[in-house]
Amino acid sequence: MSLLELRDLNKHFGGLHVTNAVNLTLEPGEIHCLIGPNGAGKSTLFRLILGEHHPGSGEIVFAGENITALKSFARIHRGLSVKFQVPGVFKGLSVRQNLEIALQSRHRGAELDAEIDRQLGFLGLEAEQAQTAGNLSHGQKQWLEIGMAISLKPRLLLLDEPTAGMSPEETHMTGEMVQRLNAGGMTVLAIEHDMAFVRQVAQRVTVLHLGQVFAQGSIDEIVADERVAAIYLGQAHA
Amino acid sequence: MTGLFSLFRRLEGPQTVGRGPGFWSLFAFVLAVALAYPLFSDGYTVGNTVYFLVWVFIALSLCVIWGYGGSLSFGQTAFFGIAGYGYGVLTLNFGSGYGFTLLALVIAVAIAALFAVLLGYFMFFGRIAGVFLGIVTLAVTLMLERFMAQTAGPEWHIGTARLNGFNGMSAMPPLTIPWPGEPIVLFADVGLYYFVLGLLVFVYLALRILMNSSFGNVIVAIRENPERAEMLGYDIRRYQLITFVVGAALAGLSGVLYTAWGQYITPSSMGMTAAALPLIWVAVGGRSDLTSTVVGTLVVLAAFQALTIYGSQYALVFMGVLLVLTVLIAPNGLVLGAMNWIGRLAARFTQRAG
């Protein structure tokens, strides 16, 4: 059984058809990258999956259950988790407290403290734990938010541009982090512009263009596809 | 036993300023002074001091909803008034025998809380947030003021209690504790002082525990980033509603204590000026910390009272100036700013000593 299935998903913003009959299937255990030019509807698709937007028509099926009508927090309880495009950390709170808020619903007392320490170690943020999250570097904020997202032990992790604003080394480290999580059984769907990252982690790639699934395949197939190169260079209609 | 211990552990935490032996010694000292104060004063002055303490509860209600929860309620006075009038109607009808005034206190606070459940449900589940929340709550309190102000006619009564329009209700019995022999009547005197002080210490410590608990964590998380909080699996509207109801109950407690203290309540307690003042106390003190709110409220109230001698309009202008200065100089509050500064200074001092 597939983990996530989008069936004929449609979303309009006024006259703009941002999600146009999208069909997408994620298999359990895969790392799937979603790419496409700006305005292709990638983030909107995430918001539909998360329940922040509701589709005009179509269905979202997660682990065999139709979750189209569920509220966001209920979808999180089913096993979804997300890292937003703009780092969504709790800026005024300490790094440690950020993780505590993410972890406290599954751990208590001394076990909670140990789990926070473990997560800080995994993210390499031990030295920053007492700092206010708003004072972290951009890359560290991204990691902290990834840390909060994976604290929920999700079955499907959604990453919206996890490496935006990162140096090549940081991007590579993030890729390794994603692969380690995947090795532990987590399915990952990532929106990413950085092709080095996509090449590093993606087992399958979907290209979104003007709200539609434009192409799908392995990274090599996608790179070799001249039509994909054309839309990135803005020649799709030429 | 371990449960009790972990409760006490929550008295300190990231959501409250003040920790360690230094802070708690100071707390014990202030409490001792407050307890000894009536010995060095007369009943009349002590009774007037109760007036200050009474307002701290509504300030704490705003601290919880606005400072911790991030939702600016401009209408805490609505709950103040509902509970105040509730206490009046109940005790004027059923008297003060058998400890009924204490039950009336609980019922009146519960009525205010119930009203908050209704209002809060429509606001939070209707996704009303930010400045609109302030507008709706202000409209509610002004509406209640207008409504109560036109209840002067004899047809406006609940049981035997006349609502009395703009002049307000009066002559309800004070809080009365049943006692073998003779009941203890808490007039605005030493007895009421200890009663209200006890309540204040209890509420303050209970709120410290609540705000440093996992519940408090979620509340500040919603303030910082509601979307992120929801995407960690928290039903944020439910948390916001609970916070709102807790705050309403505290504002209601203020209302009951005020009514029982002065044995009267008027519609203007829900009016524009009354609604704005708690905002100033809390903003000046430091809305995101319980201790700062308590200290700030008492200091500002005392200053306000002292200035009122020269004319209440003059004192109101001073309040406005104070608010503007706070926003410009220390947006997080003057008391909180000062406490953080002392904390940093102490840390540097111990570092050097170590």
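Here goes a summary of the coordinates provided. Counting of residues starts from 1 at the beginning of each chain's written sequence and follows it residue by residue. Labels are handed out in written order, letters beginning with A for the chains and numbers beginning with 1 for the ligands. The predicted origin of the model limits local features to residues at a pLDDT of at least 70 and limits the giving and counting of side-chain atom pairs to 80 or more, whereas totals for whole chains, interfaces and linings rest on all residues. With hydrogens and water stripped out, all remaining heavy atoms of the structure feed into the side-chain values.

1. Notes on the overall build of chain B
Line of reasoning, step 1. Helix and strand definitions here come from DSSP, where helices need a minimum of 4 consecutive H or I residues and strands a minimum of 2 consecutive E residues; each element is numbered from the N-terminal end. Across its full length, chain B carries 14 helices and 6 strands.
Line of reasoning, step 2. What you see for chain B is a C-alpha radius of gyration of 21 Å, in line with the 20 Å of a compact globule of 354 residues.
Line of reasoning, step 3. Along the three orthogonal principal directions, the C-alpha set of chain B runs to about 70 × 50 × 50 Å.
Line of reasoning, step 4. Summary of the burial criterion: residues with accessible area below 20% of their type's maximum are buried, those above 50% are exposed, and those between are partly exposed, where the area comes from a 1.4 Å probe applied to protein chains only. Scored against the burial criterion, the 354 residues of chain B give a buried share of 50%.
Line of reasoning, step 5. In this analysis, two residues are considered to be in contact whenever any of their non-hydrogen atoms come within 4.5 Å of each other. Of the contacts made within chain B by residues no fewer than 6 positions apart, 77% connect residues no fewer than 24 positions apart.
Line of reasoning, step 6. Surface summary for chain B: the accessible area is close to 16300 Å², and the carbon and sulfur share equals 72%.
Line of reasoning, step 7. The average position of the 15 basic charges and that of the 11 acidic charges among the side chains of chain B differ by 13 Å. The globule rule is 2.2 Å times the number of residues to the power 0.38, and the radius of gyration it is compared with is taken over C-alpha atoms. Residue-level accessible areas treat just the shown protein chains as cover; the underlying method is Shrake-Rupley with a 1.4 Å probe. Charge convention: Lys and Arg are scored as positive, Asp and Glu as negative, and His as well as the terminal groups of each chain are ignored. A charged residue contributes its charge at one atom only: NZ of Lys, CZ of Arg, CG of Asp or CD of Glu.

2. Overview of the sheet that holds strand β3 (residues 31-35) of chain A
Residues and elements named next belong to chain A.
Line of reasoning, step 1. With mixed pairing, 6 strands are arranged side by side in an open sheet as β6-β7-β8-β3-β9-β10. Only two strands of the sheet have a single partner each, and these edge strands are β6 (80-83) and β10 (212-217). Strand after strand, the sheet turns through a mean of 20 degrees between neighbouring axes, direction not considered.
Line of reasoning, step 2. Sheet topology places strand β9 (residues 204-209) next to β10; 5 bridges connect them, and they run antiparallel. Residue pairing for β10: Val-207 is matched across the bridge by Ala-215.
Line of reasoning, step 3. Interaxial angles span 0 to 180 degrees and are taken between N-to-C directions of axes, which are lines fitted to C-alpha atoms, for helices over the stretch in contact. The strands touched by helix α1 (residues 42-50) are β3, β6, β7 (156-160), β8 (187-191) and β9; relative to β7, the strand with the most contacts, the crossing angle is about 150 degrees.
Line of reasoning, step 4. Against the sheet, helix α5 (residues 138-151) engages β6 and β7, with an angle of about 175 degrees to β6. Whether two strands pair comes down to DSSP finding at least two bridges between them.

3. Description of the sheet that holds strand β4 (residues 57-62) of chain A
All names here are of chain A.
Line of reasoning, step 1. The strand order β2-β1-β4-β5 describes an open sheet built from 4 strands, whose pairing is antiparallel. Since the sheet does not close on itself, it has two edges, and those belong to β2 (16-26) and β5 (65-66), each with one partner.
Line of reasoning, step 2. The sheet strands contacting α1 are β1 (4-13), β2 and β4, and the helix crosses β1 at an angle near 115 degrees.

4. Some details on unusual backbone geometry
Line of reasoning, step 1. Its identity is not glycine, yet Ala-63 of chain A carries a phi of approximately 50 degrees, on the positive side.
Line of reasoning, step 2. Examined against the element boundaries, Ala-63 of chain A turns out to sit in the loop between β4 and β5.
Line of reasoning, step 3. Relative accessible area serves as the criterion here: at 21%, Ala-63 of chain A is assigned to the partly exposed category.
Line of reasoning, step 4. Here the phi dihedral of Ala-171 of chain B falls at roughly 65 degrees; this positive angle occurs in a residue that is not glycine.

5. Looking at helix α3 (residues 95-103) of chain A
Line of reasoning, step 1. Burial analysis of α3 of chain A places 8 of its 9 residues in the buried class, the great majority of the element.
Line of reasoning, step 2. Every buried residue belonging to α3 of chain A is among Val-95, Gln-97, Asn-98, Leu-99, Glu-100, Ile-101, Ala-102 and Leu-103 of chain A, and all of these are buried.
Line of reasoning, step 3. Those residues of α3 of chain A hidden inside the fold are in contact with α4 (109-123) and α5 of chain A together with α8 (214-224) of chain B.

6. What about the interface of chain A and chain B?
Line of reasoning, step 1. Chain A puts 27 residues into the contact, and the matching count from chain B is 20 residues.
Line of reasoning, step 2. In short, buried area is how much 1.4 Å probe accessible area vanishes from two parts on joining, totalled over both. Of the roughly 2000 Å² buried at the junction of chain A and chain B (both faces included), carbon and sulfur atoms supply 56%.
Line of reasoning, step 3. Sorting the residues of chain A by area buried against chain B places Phe-73, Phe-90 and Gln-104 of chain A first, and these three jointly supply 27% of that buried surface.
Line of reasoning, step 4. In what follows, salt bridge is the name for a side-chain nitrogen of Lys or Arg lying within 4 Å of a carboxyl oxygen of Asp or Glu. Inspection of the chain A/chain B interface yields 2 salt bridges.
Line of reasoning, step 5. Counting of polar contacts relies on pairs of N or O atoms within 3.5 Å, with two restrictions inside protein: one atom must be capable of donating a hydrogen and the other of accepting it, and residues adjacent in sequence are counted only when both atoms are side-chain atoms. If you look at where chain A meets chain B, you find 13 residue pairs in polar contact (both at pLDDT 80 or more).
Line of reasoning, step 6. Put simply, the parts of the chain that give the side of chain A that touches chain B at least two residues each are α1, α2 (72-78), β6, α3 and α5 of chain A.

7. A look at the nonpolar core
Nonpolar side chains tend to gather and get buried jointly when the protein is soluble and globular.
Line of reasoning, step 1. Counting 177 residues, the largest nonpolar core has Leu-6, Leu-45, Leu-144 and Leu-156 of chain A together with Leu-60 of chain B as the members making the most contacts within it.
Line of reasoning, step 2. Among the elements that make up this core, the one with the highest residue count is helix α3 (residues 43-68) of chain B (17 residues).
Line of reasoning, step 3. In contact with Leu-60 of chain B, other than residues within four places in its own chain, are Leu-200, Val-203, Leu-207, Leu-250, Leu-290, Thr-293 and Val-294 of chain B. Joining through side-chain atoms within 4.5 Å is the link that ties buried Ala, Val, Leu, Ile, Met, Phe, Trp, Tyr and Cys residues into a set, and such a set is a nonpolar core.

8. Quick notes on the packing of aromatic side chains
All names here are of chain B.
Line of reasoning, step 1. Any Phe, Tyr or Trp ring, taking Trp's six-membered ring, that has another such ring centre within 6.5 Å forms a pair; planes under 30 degrees apart are called stacked, those over 60 apart edge-to-face, and the others tilted. Applying the stated criterion across every chain, the model contains 22 aromatic pairs over all chains.
Line of reasoning, step 2. Here the aromatic rings of Tyr-51 and Phe-52 are separated by 6.0 Å at their centres, their planes lie at 65 degrees, and the arrangement is edge-to-face.
Line of reasoning, step 3. Here Phe-52 falls in the buried class, since its relative accessible area comes to 18%.
Line of reasoning, step 4. For the pair Trp-55 and Trp-281, a centre-to-centre distance of 5.7 Å together with 65 degrees between the ring planes defines the contact as edge-to-face. Of this pair, Trp-55 sits in helix α3 while Trp-281 sits in helix α11 (residues 272-285), and the two are 226 residues apart along the sequence. Take Trp-55 and Trp-281: they sit in the same class, and that class is buried.
Line of reasoning, step 5. The rings of Tyr-51, Phe-52, Trp-55, Phe-80, Tyr-258, Trp-261 and Trp-281 are connected pair by pair, giving a single aromatic cluster.
Line of reasoning, step 6. Here, a charge over a ring is recorded when the distance from Lys NZ or Arg CZ to the ring centre is within 6 Å and its angle to the ring normal is within 35 degrees. For the cation-ring pair, Arg-287 lies above Trp-66, with the distance from its terminal atom to the ring centre recorded as 4.9 Å.

9. Re the side chain of Thr-174 of chain A
Residues and elements named next belong to chain A.
Line of reasoning, step 1. Looking at the element boundaries, Thr-174 is found in helix α6 (residues 168-183).
Line of reasoning, step 2. Taking the relative accessible area as the measure of exposure, Thr-174 reaches 0% and is therefore buried.
Line of reasoning, step 3. Among the polar contacts listed, one links the side chain of Thr-174 to the side chain of Trp-143, at a separation of 3.0 Å.
Line of reasoning, step 4. Among all residues touching Thr-174, those that are not within four sequence positions of it are Trp-143, Ile-146, Pro-162, Thr-163, Met-166 and Phe-197.

10. Remarks on the packing of α3 of chain B against helix α7 (residues 190-211) of chain B
Residues and elements named next belong to chain B.
Line of reasoning, step 1. Two numbers describe how α3 lies on α7: the axes approach to 8 Å, and their chain directions differ by 20 degrees. If you check the angle between α3 and α7, you find them roughly parallel. Regarding α3 and α7, the two cross each other, and that crossing is left-handed. Counting all contacts with α3, which are made through Gly-43, Val-46, Thr-49, Val-50, Leu-53, Val-54, Val-56, Phe-57, Leu-60, Val-64 and Tyr-68, the residues of α7 involved are Val-190, Leu-192, Tyr-193, Val-196, Leu-197, Leu-199, Leu-200, Val-203, Leu-207 and Met-211. Oblique is the label for any angle not under 35 degrees, not over 145, and not in the 65 to 115 range, which are roughly parallel, roughly antiparallel and roughly perpendicular in turn. Two helices crossing with the near one rotated counterclockwise from the far one by less than a right angle form a left-handed crossing, whereas a clockwise rotation gives a right-handed crossing.

Note that all results are geometric; they support no functional claim without further evidence.
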